[in-house]
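Chain by chain, the residues:
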Amino acid sequence: MKAVQAIIFVIAAICAHSVTAKLQCTLPPVDIPKDWITMVEPCTLKMRSQVQEELQAALTYMAMGAHFSRDTINRPGFAKLFFEAASEERQHAIKIISYLPMRGELTSEIRQLIQNPTPLKESWDAGIDALKEALQLEAHVTRKIRDIIIACENPSGDGSGFNDYHLVDYLSGDFLEEQYKGQSDLASKISTLGKMLDNYGTLGEFLFDKKLLNGEL
Amino acid sequence: MKFLVVLSAFLAVSFAQYCYNDVVGSCGPRGVELKNCHAKYGAVDAVLFDLQSYVNAHISRSFDYLLMSTHFGNYEQSREGFEKLFRKLSDSTWDDAIDLIKYIAKRGGAMDFAARKPEEEPQDNAVELYELGALARGLDTQKKLAEEAFTIHSGATRRREGYHDPEVSSYLEEHFMHRQAESVRELAGYTSDLKRLLSENKQASLSLFLFDEYLQKVV
């Protein structure tokens, strides 16, 4: 019995040896000139931390979507609006993540970009409260984008004043425009719903929700 | 624990939990809460925590995939095909998380973003991986997600003490399991191909380039 085991072991060892050919998994690094990489640290750090901001907003919207989907809350229109907002915020995070490599960034410390974002809250008393908090959240994100613009336009400290025209233009043109449009849209919705609530209370929220669901607002 | 289950079953029988009884009480002079007017039935409560954890696992994995994709997008790696592959995994994992949340709500549950099953610690949680390592990590992750669906499924299928909930099982089968099997198979195929390409000749750099180009086309 022992002998059989020994023979099997030897055969297994030989087989194992013949299959475990060493793979060449990594390639040697290439020497690439670095003088095209011009972003400076105070600016890149702000851009990096914006990823977390956007994802925290995404998860807060996701929690709003979850809350308004509940059977006892039953506001499918609100839920739809917030689930869409969640995926939109995730896209914003991805837009920032994709901009940085174009400028030669994100060759290291990639894991630190996303640090377990969680929703700011998980339940709301009424639809209008969630809309108001969404507007505040957007205003907060807008302020953060403005902070990046300030840091990238005239970086202090070791940034030695490198004005990052392209990034500043991108943030002002693409991101801020979207923020301002989103904010005014939310403000209008709060206004419409607020007026309906004033006269019709719960019925107002019920009707507003169905309008949201059918894309009539 | 068993005792509690038996006790709650007893209570359930002695005070029949009907929405209609609540409504009659509420519309009459007594005025009671409508605490039985909800969508919960079957064994959804028994698998609720598992479903919530499953959502949170999807969110975390979606972020992992996004970061792996980012790594392949930088100029040093420059592997557009791998970038695309992991981006696609990130997108589908994110969409699945939202789909699961909607499902939990459909069955009368609430989402809890803090619910997490204790997970087996990964060897490392690096996202800056070389090509074959990333495929292997992707394969392991997809398998783990697929196996967790089996675990929840079995929790909903055990035929004892009212734990049977075929609606949950059927949802998992239709919306997750078949797609997961495809995803696992696809990644296993890529891993086998690339493994062979990296061992049989000394042309690793060209093999990786061509394989990446192939991924750009097929993903």
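Procedures and definitions
- Residues numbered from 1 in each chain as written.
- Chains lettered and ligands numbered in written order.
- Predicted model: local features only at pLDDT ≥ 70, side-chain atom pairs only at ≥ 80, totals over all residues.
- Helix = DSSP H or I, 4+ residues; strand = E, 2+ residues; numbered from the N terminus.
- Contact = placed C-beta atoms within 7 Å.
- UniProt positions renumbered as here; feature names shortened; annotations may be inferred.
- Buried ≥ 20, exposed ≤ 12 C-beta atoms within 10 Å, placed from the backbone.
- Nonpolar A, V, L, I, M, F, W, Y, C, P; charged D, E, K, R; others polar.
- Core = buried A, V, L, I, M, F, W, Y, C linked by C-beta atoms within 7 Å.

Quick look at the overall build of chain A
Item 1. Across its full length, chain A carries five helices and zero strands.
Item 2. Listed N to C, the secondary structure of chain A is α-α-α-α-α in terms of helices and strands.
Item 3. In chain A, of all internal contacts separated by at least 6 residues, the share reaching a separation of at least 24 is 78%.

Quick look at the UniProt feature "binding site: Fe cation" (unreviewed entry) in chain B
Residue and element names in this part refer to chain B.
Item 1. Per the UniProt entry, the sites bearing "binding site: Fe cation" (unreviewed entry) are Gln180 in this numbering.
Item 2. Within the fold, Gln180 resides in helix H6 (residues 166–200).
Item 3. Here Gln180 falls in the buried class, since 20 other C-beta atoms lie within 10 Å of it.
Item 4. In this view, Gln180 contacts Gln142, Leu145, Ala146 and Ala149; residues no more than four positions away in its chain are not counted.

A word on the interface of chain A and chain B
Item 1. The interface of chain A with chain B comprises 29 residues on the first partner and 32 residues on the second.
Item 2. Considered class by class, the residues forming the side of chain A that touches chain B number 15 nonpolar, nine polar and five charged.

Some points on the nonpolar core
Item 1. Judged by nonpolar contacts, the single largest core of 93 residues is most densely connected at Met62 and Phe82 of chain A together with Ile101 of chain B.
Item 2. No other element matches the 14 residues that helix H3 (residues 44–73) of chain B contributes to this core.
Item 3. Setting aside residues no more than four positions away along its own chain, Met62 of chain A makes contact with Phe83, Ala86 and Pro119 of chain A together with Ile98 of chain B.

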